[in-house]
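If you want the building blocks of each chain, they are given just below.
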Amino acid sequence: MNDDANSSEAEVDNRHQADRQADLKFLTRRRISALFVTTVIILAIIVLAFLSTASKDPRQACVSPAVRREWRQLNNTEKKTYIDAVKCLQTFPSQLTGIGRRSDDFPWLHRHIAKSSESYFRTRLTVSDSTQSTIRQCSYHIIDISSTYTRSLCASSATTLAS
Amino acid sequence: MTYAHVIPRASGKTDLTSRYWDWALDWEDPIKSAIWDPETGFGGDGDPDGPLTVGWGSCIANGSFADYKVLFYNFIPRLHCLSRGLGRCFERPWTGDAFKPSAIQHVLDQGTFADFSSAIESGPHDAVPNNVCGDFYYLEAPNGAWNDSYPDRQFNQHIDITCTIDPVFFLHHTNLDRLWLKWQEKKAGRTWEYNGRANSVNLEPAKLDDVLTMKGLGPDMTIRQVMDTKSGIFCYTY
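Throughout what follows, the structure given in this document is the object of discussion.

Procedures and definitions
- Residues numbered from 1 in each chain as written.
- Chains lettered and ligands numbered in written order.
- Predicted model: local features only at pLDDT ≥ 70, side-chain atom pairs only at ≥ 80, totals over all residues.
- Heavy atoms only, no water.
- Helix = DSSP H or I, 4+ residues; strand = E, 2+ residues; numbered from the N terminus.
- Buried < 20%, exposed > 50% of the residue type's maximum accessible area, 1.4 Å probe, protein only.
- Areas by Shrake-Rupley, 256 points an atom, 1.4 Å probe, with all protein chains shown as cover.
- Contact = heavy atoms within 4.5 Å.
- Core = buried A, V, L, I, M, F, W, Y, C linked by side-chain atoms within 4.5 Å.
- Patch = residues over 30% accessible without salt bridge, like charges linked within 9 Å, V, L, I, M, F, W, Y side chains within 5 Å.
- Salt bridge = Lys/Arg side-chain N within 4 Å of Asp/Glu carboxyl O.
- Disulfide = S-S within 2.5 Å.

A word on the overall build of chain A. Per the secondary structure count, chain A includes six helices and two strands. For chain A, the sequential pattern of α-helices and β-strands runs α-β-β-α-α-α-α-α. Looking at chain A as a whole, 40% of its 163 residues are labelled buried. Total accessible area on chain A stands at roughly 9,800 Å², and carbon and sulfur atoms take up 60% of it.

If you want it as structure tokens, here you go:
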């Protein structure tokens, strides 16, 4: 009897232990799966963050390029918009010169970009000058985008200009 | 504020993409171009009866830019009226020979970037400012060398490049940019072709990593960043 009772107690113990182990396994599994889900979420966030950064990657090709049009392809309203934007540059103070208007920044900048060619002129070297061309070839690109830059500021509100 | 913010704004609802002036359309008589219309263009010639101001030009007499004041000419800040002297700085009429069809073809037929660059530079690039005169005027010979036979009557021997004062400068240069893109698209692999000399002082070879300074008007950039019009900071075509 005792033996029986002992054995049944032991069985119960074993069963309890098995239950506990099962519980433990279950909990561990749950923890693991929770950990897994968390990891997946974190990874997903990282991947998404990476993708959103990647979409700002300057090397990525643009999808729908803006089309630059010849002056005569514009209607009178479009011409006026452009002219108004150019004149708008005069309504803000200069960023670079300290004395002029925003429109005076471009000649100032252009002069400084071409500084090396200026010293070239002054020293009167007789070598042919492809450099100055290359500088200018690229600088017009930049000056052009700067003008787009500044014009777009003018077209938006003056508060943006302050930022 | 970066350029990445600028481009979407510029190409948004208000179409503020750059415009260009295709002078080749006006090669037979550049002075009669629609670009000089007083109301729907940038104003025309300086007033032929007005006093000389800068670059052998005089104040624009009428239209949208008649009241347009500019600060620089040369190194000296000196507030003056936007001035032009169409065909007056060399005392000979302005012919469009530098941008007639065969001249444009010659530019596009060049085999290397360096050759293309000098052909466009000494061709249409110089021809426009050297004939618009006034604020747009370049005090330089077509090959880029200073020449004593072109003295500046107003400011005596100082050489400067403040030609961006004339708003037409940007439309002129956008057209040069258009021709550059045309040349790039003529042959595979040309988008990244860049050679010649880096600058005229040290004679170093030009590299895509050379830096273009913006002096704080925007971030400095490398040449590499401005080669392709359809990636990176640019997203445009013609």
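Attention shifts here to the overall build of chain B. Helix and strand content of chain B: five helices and eight strands. Here chain B holds 238 residues, and 57% of them are scored as buried. Long-range pairs, those at least 24 residues apart, make up 62% of the contacts in chain B between residues at least 6 apart in sequence.

As a further point, take the nonpolar core. Ranked by size, the top nonpolar core spans 57 residues in total, and within it W71 of chain A together with W21, W23, W36, F42 and F65 of chain B carry the most contacts. For this core, the elements supplying multiple residues, two or more each, are α2 (76–88) and α3 (105–113) of chain A together with β3 (69–73), α2 (101–108), α3 (113–127) and α5 (168–185) of chain B. Among the elements that line this core, the one with the most residues is α5 of chain B, at eight residues. For W71 of chain A, the residues in contact, after removing those within four places along its chain, are K79, Y82 and I83 of chain A together with R19, Y20, A34, I35, T40, G41, F42 and L171 of chain B.

Another aspect to go through is a nonpolar patch on the surface. All names here are of chain A. Residues F36, V37 and V40 make up a contiguous nonpolar surface patch of roughly 280 Å² in combined accessible area. Note that V37 resides in helix α1 (residues 2–54). In this structure V37 comes out as partly exposed when scored by relative accessible area, which is 44%.

Residues and elements named next belong to chain B. Among the secondary structure elements, V54 is positioned in the loop between β1 (19–20) and β2 (58–59). Note on V54: relative accessible area 2%, which makes it buried. Distance in space between the C-alpha atoms of V54 and F234 is 35 Å, their sequence separation being 180 residues.

We now examine the state of the cysteines. Here a disulfide denotes one covalent bond, and it connects the sulfur atoms of two cysteines. All names here are of chain B. If you walk through the whole model with that rule in mind, you get three disulfides over all chains. Note on cysteine connectivity: C59 is disulfide-linked to C81, with sulfurs 1.9 Å apart. Judged by the torsion about the S-S bond (-75°), the C59/C81 disulfide is left-handed. A residue pair is termed long-range when its members are at least 10 positions apart, and C59 in strand β2 and C81 in strand β4 (residues 76–81) qualify at 22 residues. C59 gets classed as partly exposed once you look at its relative accessible area, which sits at 31%. The partner cysteine of C89 in its disulfide is C133, sulfur to sulfur 1.8 Å. Handedness of the C89-C133 disulfide follows from its S-S torsion of about -80°: it is left-handed. Pair noted here: C89 is in the loop between β5 (83–84) and α2 and C133 is in the loop between α4 (129–132) and α5, with a separation of 44 residues, a long-range link. With respect to burial, C89 and C133 carry one shared label: buried.

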